[in-house]
Amino acid sequence: MKELKDLNFLDDVRYTKDHEWAKKSGELVIIGINDYAQDQLGEIVFVELPGIGDSFSKGDEFGSVESVKAVSEIYIPVSGEIVEINQGLEDAPELVNQSCYTDGWLIKVKPGNASEFDSLMDKAAYLNMLKG
Amino acid sequence: MRYLPHTQDDIESMLKVTGHASLDDLFAGIPDHLKTKQGIDIPESLSEWELNAHMEQLASLNIACKDYKCFLGAGSYDHYIPAIIPYLISRSEFMTAYTPYQPEVSQGTLQGIYEFQTMITELLGMDIATASHYDCGTALAEACLIALRKNHTDNKIAVSSLVHPSHRQIIQTYIHPAGYEMVEIPYTKEGLTDVVALEKMEGIAGVAVQSPNFFGNIEDLKAFKTTADTKNILFIMSFTEALAYGLLKNPGSLGADLVAGEGQSLGIAKSFGGPGLGLLAGTQKQMRNLPGRLIGKTKDANGADGFVLTLATREQHIRREKASSNICSNNGLNAMTAAMYLATVGKTGIREIALQNHDKAEYLKKSLMNSDFTPAFSTPFFNEFVMKAPDGFEKKRKALIQDKCIFAGMNLEPYYPELKQHYLFCATETISKCDIDHLVKEVQS
Amino acid sequence: MIQQPGTSGLIFNEPMLWEKSRMGRCAMSLPKRDVERKPLEADLTGDEPNLPELSELDVVRHYTRLSQWNFGVDSGMYPLGSCTMKYNPKTNEVQAARQGFAGAHPLSGDEFSQGALKLMYNLEQSLAKITGFQAVTLQPAAGAHGEFCGMLMIHAYHAKKGRQRSKIIIPDTAHGTNPASASLCGYESVNIKSGPDGILEPETVSAVMDEDTAGIMVTNPNTLGLFESNIKEIAEIVHSKGGLVYGDGANMNAIMGIVKPGEIGIDVLHLNLHKTFSTPHGGGGPGSGPVAVGKTLEPFLPVPRVIKAFDTYKFITDSPDTIGRIHTFYGHFGIMVRAYAYILSMGAEGLADASKLAVLNANYVKASLKGILNLPYDKPCMHECVFNDKFQKEYHITTMDMAKRLLDYGFHPPTVYFPLVVDGAFMVEPTETESKENIDQFIQAVKSIALEAKNDPEKLKKAPHLAKLTRLDEVMAARKPCLKG
């Protein structure tokens, strides 16, 4: 596993305490797991995602990410309806390891409550949390 | 004791290293009030020769002599077991290994079970077969749980009343504590599960049908598939006689989502009902819902083909309280036995044996009809069928077991009280024409 | 210099069964047709399953070669912690194969199965005496199945009391199957930590035990190989709130004749016949997981139960509070025969000696490897001891590397990365059937590996070198599952 300084955290996304990231894209919010989470899990072999049209409240478990010997639940940073899932992960779950902020995104959500996004941590706050 | 290698010298020199005064001193950390005050009150130890005598005496109290004739099935079947099977399965590299956690030194078990998975998918026409469960009943209960968990609105599972009575009881035990319910589908006067009754049922998450059913009759699985599709529920199919699928259309081709079966017929001794072999197979879509171990193909660091336990994240030791099942040890050695059996009989052998089972059962049925027995149903069957016996048969049946070592069928009344004087008969390839003629003569006398 | 058992030899390649198949071969002696052929209706008949077609020697050679790629207890020392890989006596196999047992049909009827029933009855009695309980069921087919059976009984007990509970306490030193067994009964696991000594402290239990908690699941000795010496106080806390104590008896091998779980506050206990009572593990089963209970839970035992009436034995099914049935017939009878043969061969004294020597062997390994490998809990152990790779971290060598290198020396590795409370756990259970010489070889092998970790770490990272295959790619297997050929 890498040292914190070797991990990549983007400035233009928001973070959760469970190591998801969220980014606004027009009306939608794109969600994935961040570099720390993918590094902790190691080589990802399977990503379980919800169905399009499913609705979740902030903090609900919406899927899971699996390595060979661990399963990690993933929690939704903002309430809303799933409008798109990353179909490419079915055949290539390693995209989450290779590029967790771009090709390795997980879901796109139509948010129900705009203020929830604003309450997520920015990079500095998240890094402070990691350093404990 | 010959299993304990320690000499007095060994014990003394080892105690010196550990720093204990005596063997009892090793347990000094256990508070005295927790130690037992009495020894274990069991019989004195036996020499190997005394043990042989004792065990043979017990074994002889069972009516299971070498040339006994078994016209009894109902979930445990008498089939020929080729000599090479007990010989090969006794190889201690198979028998005394554990779960293949270290694949580099477990390729024998791993390739063997991978071949088992492959041949079971071929036999059943399914995409995926697990590395085994305890028996058909427990595998079927697991399949019912899959259907129930997948469905978030309905909490009932519809189970045919012609699923093996013990299997229905196991399902009930397994699903009850989680708040699920089993509803039984009645049977028709043809001795088949009533698909019309199923159509009318509401609030069900899945349907389970056994074929050949407990009466030996072959179910119209297509009709159940259609109903399951209409209701958008999982279709689970089960069987107790695996050799039937050497002849019948396989469950996969008839649209089963999940198949639970008993593999005892595939080279495994009856052994008073266990250990048998639970088979659990599913479609590709069910891959991650299937409980139990799976073996997968991969490569080693040098690029050579090899096998490993895979998809372990479904299992209890990783998913812990979220695992769908707690199964850990399965019936791996019996899965290996079944693989050996399937490789031994091969494509032509399995068909010929299946045909002989059916032929003998037809001949037995015809012969019994000539001796005052009436067929209960006229539905096609594999190697078991139901007959109404003439008066006084129960007494004769017991005498035949006691005096002649012939098991002439099983009384169905304890399981189906409405079927008074009805018996379930079975004939397999181990029964000759001569045996059947002899049985008939005895029954008529 | 101690000579190590590991060496290299000729290993045969062997293709998949279907690659050897040639149309027209059959290894089965097919019985002669002596009755008329009666074809089934065509629309019921399917194609022949496409099974391989082989001769008898093809089959024999295939499985003989496969077997040679396996490591078993008969091949060498197999100190797999928590699994009790003791010697599996060969006479047990002879007993189970007797025609009167192996050939017995389960539905023959009680009066024609007296030998089987008597054996089951006697075995139940012996297990009750060994564990100090009132009654035993032999029906569970494996340890996890026994756990499920025990939890079902606890669930039924609370239901009968009129108020179901929602939680169950599970310590971090319990077996991996425990949480899954509990959740099958709808119980939520309340995970608690063991104390600094590696055992449970009564205060930790009393802090979470309440009247919504069905009970606690305790493995004793626990998975660190330590005896839970506060068990009686813990049981009292749980009982005082109306809960029950589940004992995971997978580690009974350490305490036969020393401690009877039925006497120290445990209400229900499962055993593993394939661990403590010497039946073979079979590459992962079949096992057998009998469950022993005290008076409180006896009415809830699964049916059928074996009873003795005068000199005859019978199955009874009319038991109003029973949890029901959990196996199609009576459990793994063939495994019961083997365990019964073992108990008869050992006698009371032999069983107690087995436990004492199992504990001696583990403590000997612990004392001999102390300082070579790190011991997170350095206190007298029971039948197994847990080390980790802390000392080897500076050479970037992990428990896995050392485990794989042990294969080259001719030993099956210990259990690794379990229990989870120890980071990089290396859990050794030698069992009583290994001699001092075998254990000395093992100790020497670990010492040599620890030296290699320092002097030649690359050798460990690429181990094993002598096995048929090198390390396998588990990521590839899981990403693109290929589950059939």
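Please read all numbers here as calculations on a predicted model, not as lab measurements. (Residues numbered from 1 in each chain as written. Chains lettered and ligands numbered in written order. Predicted model: local features only at pLDDT ≥ 70, side-chain atom pairs only at ≥ 80, totals over all residues.)

**A few points about the overall build of chain A**
In plain terms, the rule: Going along the chain from the N terminus, every DSSP run of H or I of four or more residues is numbered as a helix, and every run of E of two or more is numbered as a strand. Each radius of gyration reported is based on C-alpha atoms, and the globular scaling rule is 2.2 Å times the count of residues to the power 0.38. Counting other C-beta atoms within 10 Å of a residue's C-beta gives its exposure: the residue is buried at 20 or more, exposed at 12 or fewer, and partly exposed in between, where C-beta atoms are placed from the backbone. Any pair of residues counts as being in contact when their C-beta atoms, constructed from backbone geometry, are within 7 Å of one another.
A count of helical and extended segments in chain A gives five helices and nine strands. The C-alpha atoms of chain A give a radius of gyration of 14 Å, which matches the 14 Å a tight globule of 132 residues would have. Each principal axis of the C-alpha atoms in chain A carries an extent, and together these give about 35 × 35 × 20 Å. The 132 residues of chain A split such that 36% are buried. Partitioning the contacts of chain A with sequence separation of at least 6, the portion at a separation of at least 24 is 63%.

**Describing the interface of chain B and chain A**
Rule in force here: The classification used treats Ala, Val, Leu, Ile, Met, Phe, Trp, Tyr, Cys and Pro as nonpolar, Asp, Glu, Lys and Arg as charged, and all other residues, Gly among them, as polar.
Tallying the contact residues gives four residues for chain B and four residues for chain A. The residue makeup of the side of chain B that touches chain A, split by class, is two nonpolar, one polar and one charged.

**Digging into the interface of chain B and chain C**
Where interface size is given, it is often the accessible area lost as the parts come together that is meant. Every contact between the two is made by 167 residues of chain B and, on the other side, 168 residues of chain C. Element by element, the count of residues in the side of chain B that touches chain C is highest for helix H11 (residues 332-369) of chain B, at 23 residues. By residue class, the composition of the side of chain B that touches chain C is 77 nonpolar, 62 polar and 28 charged.

**Observations concerning the sheet that holds strand S11 (residues 415-416) of chain C**
Residue and element names in this part refer to chain C. Put simply, the test is: Only strands joined by at least two bridges in the DSSP assignment are considered to pair.
Spatially, the three strands line up as an open sheet ordered S10-S12-S11, and their pairing is antiparallel. Two strands in the sheet have a free side with no partner beyond their single neighbour: strand S10 (385-387) and S11. In terms of strand pairing, S11 meets strand S12 (residues 426-428) through two bridges, oriented antiparallel. Bridge pairing links Thr415 to Met427 in S12.

**Looking at the pairing of strand S5 (residues 244-248) of chain C**
All names here are of chain C. Counting buried positions along S5 yields five of five residues, so the element is predominantly enclosed. Where burial is concerned, the two faces of S5 agree: the one with Leu244, Tyr246 and Asp248 and the one with Val245 and Gly247 are both buried. Bridging between strand S4 (residues 213-219) and S5 involves five bridges; their strand directions are parallel. Within S5, the position partnered with Ile216 by the bridge is Val245.

**A short note on helix H9 (residues 221-231) of chain B**
Residue and element names in this part refer to chain B. Quick note on the threshold: Working note: the arc is built from the helix axis to C-beta atom directions.
Within the span of H9, buried status applies to Leu221, Phe224 and Ala228. One side of H9 holds all its buried residues, which, seen down the axis, span an arc of 60°. Away from its buried face by more than 90 degrees, H9 exposes Asp229 and Thr230. Contacts made by the buried residues of H9 are with helix H8 (195-200), strand S5 (204-210) and strand S6 (234-239). Once H9 finishes, Asn232 follows within two positions and takes phi at roughly 55°, a positive value.

**Notes on unusual backbone geometry**
Residues and elements named next belong to chain B. The step from Ser211 to Pro212 runs through a cis peptide bond, and the omega angle for that step is -10°. Relative to the helices and strands, Pro212 is located in the loop between S5 and H9. The step from Gly274 to Pro275 runs through a cis peptide bond, and the omega angle for that step is 0°. Along the chain, Pro275 falls in the loop between strand S7 (258-262) and strand S8 (278-282). Phi is positive for Asp372, which is not a glycine, with a value near 70°. With respect to the helices and strands, the residue Asp372 is situated in the loop between H11 and strand S11 (374-375).

**Thoughts on the domain arrangement of chain C**
Residues and elements named next belong to chain C. This is how the line gets drawn: Reported domain spans reflect what an automatic or database domain assignment gives.
Taken domain by domain, chain C holds domain 1 (92-344) and domain 2 (347-468). Between the C-alpha centres of domain 1 and domain 2 the distance comes to 30 Å. Contacts between the two partners involve 19 residues from domain 1, matched on the other side by 19 residues from domain 2. Residue classes in the side of domain 1 that touches domain 2 are distributed as nine nonpolar, eight polar and two charged.

**Overview of the nonpolar core**
Within soluble globular proteins, side chains that are nonpolar generally end up buried alongside one another. Put simply, the test is: Definition of nonpolar core: a set of buried Ala, Val, Leu, Ile, Met, Phe, Trp, Tyr and Cys residues joined via C-beta atoms within 7 Å.
Core analysis: the largest hydrophobic core is formed by 337 residues, its most contacted members being B:Cys144, B:Ile157, B:Val207, B:Ile236 and C:Met153. Take this core: its biggest share by element is 23 residues, from helix H10 (residues 333-369) of chain C. Look past the residues within four positions of C:Met153 in its chain and what remains in contact with it is C:Val268, C:Val293, C:Leu297, C:Phe300 and C:Ile323.

**Re the environment of C:Cys149**
Residues and elements named next belong to chain C. Tracing the backbone through its elements, the reader meets Cys149 in helix H6 (residues 143-161). For the pair formed by Cys149 and Ala352, sequence separation is 203 residues and the distance between their alpha carbons is 28 Å. Ignoring anything within four residues of it in the chain, the contact list for Cys149 reads Thr137, Pro140, Val291, Pro302 and Ile326.

**Observations concerning the packing of helix H5 (residues 114-131) of chain C against H10(C)**
All names here are of chain C. To keep things clear, this is the line we draw: Helix axes are fitted only over the stretch in contact, all axes being lines through C-alpha atoms; the angle between N-to-C directions runs from 0 to 180 degrees. Reported orientations rely on four angle classes, namely roughly parallel under 35 degrees, roughly antiparallel over 145, roughly perpendicular from 65 to 115, and oblique for the rest. When the near helix sits turned anticlockwise from the far one by under a right angle, the crossing is termed left-handed; a clockwise turn instead gives a right-handed crossing.
Put simply, H5 and H10 touch, their axes get as near as 10 Å, and they point 45° apart. On the basis of the axis angle, H5 is oblique to H10. As for how H5 packs across H10, the hand of that crossing is left-handed. Touching Ala116, Leu119, Met120, Asn122, Leu123, Ser126 and Ile130 of H5 are Phe333, Met336, Val337, Ala339, Tyr340, Ile343 and Leu351, all from H10. Tallied by class, the residues present in the contact of H5 with H10 amount to twelve nonpolar, two polar and no charged.

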